[in-house]
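Residues per chain, in single letters:
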Amino acid sequence: MVYENNLAFAKAQDEKDPLKEYRNHFYIPVDKEGNELIYLCGNSLGCQPKSVAQYIEQELNDWADLGVEGHFKEETPWMSYHEELAKPMAHIVGAKPSEVVIMNTLTTNLHLMMVSFYNPTPSRHKIIIESDAFPSDKYAVESQIHQRGYDPETSLILWQPREGEELCRYEDLETLVKEHGDSVALLLIGNTNYYSGQCYPIKKITDLGHNNGSKVGFDLAHGVGNIMPDLHESGADFAVWCTYKYLNSGPGSLGGCFVHERHHTDKNIQRFTGWWGQNKDTRFNMRKGFDPIPTAEGWQLSNPPILSMAAVKASLDIFEEAGMSNIRAKSEKLTGYLEFLVNELNNEHIAIITPSDSSQRGCQLSIQVKNADKSLHKKLTEAGVISDWREPDVIRVAPAPLYNNFEDVYEMVERLKKIL
Ligand SMILES: *Cc1c(COP(=O)(O)O)cnc(C)c1O
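No experiment lies behind these values; they were computed from the predicted model shown.

On to helix H11 (residues 324–344). Compared with the 30 Å implied by 1.5 Å per residue over 21 residues, the 30 Å span of H11 between its first and last C-alpha is a close match. Once H11 finishes, Asn346 follows within two positions and takes phi at roughly 50 degrees, a positive value.

Structure below.
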C-alpha cells in the first residue's frame, strides 16, 4: 500500500474502511473537557464496547428476578453461559470450539497448563522462554520449576536477542534447542512479545519443540485479537491469553485457554481439578472419581463469574460480526501507516524496534526514542495521546483495528513531532 503523509489521506482511508462503523461500537476515552483522546493503548486495556452495560444488565436483572433459577433460564442460562463463548473465541485464535475455554485469569491458566504440560524429570527439566518475557510469566515459570524441586538457575533457559540487537532470532532458538536437546521439557513463548512487538512463527516453533520431544505453549496476551495464530493447525500443546487487552472485556477480566484436542482424553495428563471440569452428567452427584469433560472445559475449576463473562460475550459478539480476517487486514494497513509516518519523522533519535515485516508483528509498534526519559511519555499524555512507556526509552503504541483509525495514527505522529 502506498501511504501519504497528510490528514486528507488519513481521512480518505477512514472513509473507505469497511470496518469504520465499529469505532461507534466503543466508548473512546475523553479528556477533562470531554474531547476524545488519541487512545493507542489497547495492548494494555481495550476500550469499552457500548453494548457491555446491556449484556451485564441482562444478567443482573435475571439474577434479581430469578435467583438461582437463572442457571436454567431460557436465554443465556448461566449453567452453559461459557459454552456460548467457545465458538467466537475459537474463530479468533484458529482453534476448534472444543479446544478453547474462557476461565480464570491469564497467570492462573498458565499455572494450570504447566501442571499439565511441564512434567520435569531429572533428565528433562528445562523450560525455554524469551529473555524479555512478561514479568508474570517469568514468575510463574520460576515458581513452577521450584515447586517441582528444580532450580531456575539450571532449569530456566533464556532465548535472548544478540548483543546490540532488540529482537530474538529464530535460528538462535534452534541453536538453544539443539544445545540443550533432551533436557528441554517445555518451550513457552510470549506471542506477540509485549516489549518488542515481535511475533514469532508459531508453527515453526511448535515443530521445533515437538521434534525435540518437548512440549510447546504460547502466551498470546499480546497476540489475541490482532494476529491470527491458527492454534489447531500449529499443533501447539496449549496457549493462554487474557481478554482485557485487544479483546476489550474490561479491567482484570477473564482469561482464555487452548488445549489441543489430542490431549483431551489422555488420562495420563496431570491436572489440577475442580467440579466444573467434571463430566456434566455426573457433576452434581458429588461422588468419588474425577471424570473430566473431554474438551478444554475439562480444565475448568469453578463455576464462572457470569458478570465478567457477559462483558466477554459482548466483545466476542463484535469480533464474530466483524470477522477476524477483516480485522487483521485493517490492522496491517493501520500499523503500516504508523510505521510510515514514524519513518517520515526522519529523526536520528527514533528507531522502531518492532520488525517491519508485517507477518512478524501484530498491531503494536515499539518506538525507541534515544536519550528520552519518561517525561516524553508525560508530554505525549498531556497532548492527549494515550500510549504506554517501557523503561528505559520505549513508547509502545498499538492502533487497535476495531476502534482506532488512520486519523488517530496521523494525529499521534503529528503530536509526537511537535513534542520532539
Ligand atoms: C498482560 C499480560 C499478563 C497479565 O497477566 P494477568 O494474570 O492477566 O494479570 C501476563 N502475561 C503477559 C504476556 C501479558 O501480556
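Turning our attention to the layout of surface pockets. Of the voids in this model, the largest pocket is the one considered here, and its volume is about 400 Å³. As for the largest pocket, its lining consists of 22 residues, and the residues nearest its centre are Cys199, Tyr200, Pro201, Ile202 and Ser359. No other element matches the three residues that helix H8 (residues 202–211) contributes to the lining of the largest pocket. Its residues assigned to classes, the lining of the largest pocket comprises ten nonpolar, five polar and seven charged. Two domains each put at least three residues into the lining of the largest pocket: domain 1 (7–50 + 324–419) and domain 2 (82–303).

It is worth spelling out the site of the ligand at this point. Surveying the vicinity of the ligand reveals the residues Leu106, Thr107, Phe134, Asp137, Asp219, Ala221, His222, Tyr244 and Lys245. For the ligand, an oxygen atom lies 2.5 Å from a polar atom in the side chain of Tyr244. Burial of the ligand by the protein chains amounts to 83% of its free accessible area of 390 Å². For the shell around the ligand, the residue count by class is four nonpolar, two polar and three charged.

Turning to the environment of His91, a few remarks are in order. Structurally, His91 can be placed in helix H3 (residues 83–93). Residue classification places His91 among the partly exposed residues on the basis of a relative accessible area of 43%. Excluding residues that lie within four positions of it along the chain, His91 makes contacts with Glu320 and Met324.

Summarizing the sequence annotation, UniProt attributes the feature "modified residue: N6-(pyridoxal phosphate)lysine" (unreviewed entry) to Lys245 in the numbering used throughout. Along the polypeptide, Lys245 turns up in the loop between strand S9 (238–242) and strand S10 (255–259). Given the relative accessible area of 7%, Lys245 is considered buried. The contact partners of Lys245, leaving out residues within four places of it in the chain, are Gly42, Asn43, Ser44, Leu45, Gly46, Ala221 and His222.

In the UniProt entry, the feature "binding site: pyridoxal 5'-phosphate" (unreviewed entry) is given for Leu106, Thr107, Phe134, Pro135, Ser136, Asp137, Asp219, His222, Tyr244, Trp275 and Asn303. Separation in sequence by 198 residues is matched in space for these annotated residues, since their most distant C-alpha atoms are 30.9 Å apart. With respect to the secondary-structure elements, Pro135 resides in helix H5 (residues 135–147). We classify Pro135 as partly exposed; its relative accessible area is 33%. Among the secondary structure elements, Asp137 is positioned in helix H5. Those residues in contact with Asp137, other than ones at most four positions away along the chain, are Leu110 and Asp219.

One can describe the packing of helix H1 (residues 7–16) onto helix H13 (residues 406–419) by two numbers: an axis separation of 7 Å at closest approach and a directional angle of 155 degrees. Taken together, H1 and H13 sit at an angle that is classed as roughly antiparallel. Each of Leu7, Ala10, Lys11, Gln13 and Asp14 in H1 lies in contact with H13, whose residues at this interface are Phe406, Glu407 and Tyr410. Residue composition of the contact of H1 with H13, grouped by class: four nonpolar, one polar and three charged.

Quick look at the sheet that holds strand S15 (residues 394–397) now. Ordered by their spatial adjacency, four strands build an open sheet running S11-S12-S15-S14, and the pairing between neighbours is antiparallel. Strands at the two margins of the open sheet, each flanked by one partner only, are strand S11 (350–352) and strand S14 (388–390). In this sheet, adjacent strand axes meet at a mean angle of 30 degrees when their direction is disregarded. Where strand S12 (residues 365–369) and S15 come together, four bridges link them in antiparallel fashion. Note that in S15 the partner of Ile367 across the bridge is Ile395. Against the sheet, helix H12 (residues 374–382) makes contact with S12, S14 and S15, and its axis sits at roughly 180 degrees relative to S14, the strand it touches most.

The next point concerns the domain arrangement of the protein chain. When its domains are assigned, the protein chain resolves into domain 1 (7–50 + 324–419) and domain 2 (82–303). The straight-line distance from the C-alpha centre of domain 1 to that of domain 2 is 29 Å. Across the boundary between the two partners, domain 1 contributes 31 residues, which contact 22 residues of domain 2. Buried surface at the junction of domain 1 and domain 2, summed over both partners, amounts to about 2100 Å²; 59% is from carbon and sulfur atoms. For domain 1, the biggest contributors to the area lost against domain 2 are Leu45, Met324 and Ile353; these three give 26% of the whole. At the junction of domain 1 with domain 2, the criterion picks out twelve residue pairs in polar contact (both at pLDDT 80 or more).

Over its 17 residues, helix H10 (residues 306–322) runs 24 Å from end to end, which matches the ideal 24 Å to within 8%, given 1.5 Å per residue. In terms of residue burial, H10 counts as a mostly covered element, since twelve of its 17 residues are buried. Looking one or two places after H10, you find Gly323, whose phi comes out positive at around 90 degrees.

For Asp219, the location among the structural elements is in strand S8 (residues 215–219). Overall, the relative accessible area of 5% leaves Asp219 in the buried class. Sequence separation of Asp219 and Glu130 is 89 residues, and the distance between their C-alpha atoms is 11 Å.

All right, on to the pairing of S10 then. Judged by how many residues are buried, S10 sits mostly within the fold: five of five residues are covered. Here S10 shows a buried face lined by Gly255, Cys257 and Val259 and a second buried face lined by Gly256 and Phe258. Alignment of S9 against S10, held across five bridges, turns out to be antiparallel. Paired with Ala239 across the strands is Phe258, a residue of S10.

Conventions adopted
Residues numbered from 1 in each chain as written. Predicted model: local features only at pLDDT ≥ 70, side-chain atom pairs only at ≥ 80, totals over all residues. Heavy atoms only, no water. Helix = DSSP H or I, 4+ residues; strand = E, 2+ residues; numbered from the N terminus. Expected span 1.5 Å × (residues − 1). 1 Å grid on protein atoms, 1.4 Å probe; cavity = no way out; pocket = protein on both sides within 12 Å on 5 of 7 lines; lining within 4 Å. Points joined across faces, edges and corners; volume = space filled by probe spheres on them. Nonpolar A, V, L, I, M, F, W, Y, C, P; charged D, E, K, R; others polar. Domains from an automatic or database assignment. Near = heavy atom within 4 Å. Polar contact = N/O pair within 3.5 Å; in protein donor to acceptor, adjacent residues only side chain to side chain. Areas by Shrake-Rupley, 256 points an atom, 1.4 Å probe, with all protein chains shown as cover. Buried < 20%, exposed > 50% of the residue type's maximum accessible area, 1.4 Å probe, protein only. Contact = heavy atoms within 4.5 Å. UniProt positions renumbered as here; feature names shortened; annotations may be inferred. Axes fitted to C-alpha atoms, helices over the stretch in contact; angles between N-to-C directions. Parallel < 35°, antiparallel > 145°, perpendicular 65-115°, else oblique. Pairing = 2+ DSSP bridges. Buried area = accessible area lost by both parts, 1.4 Å probe.

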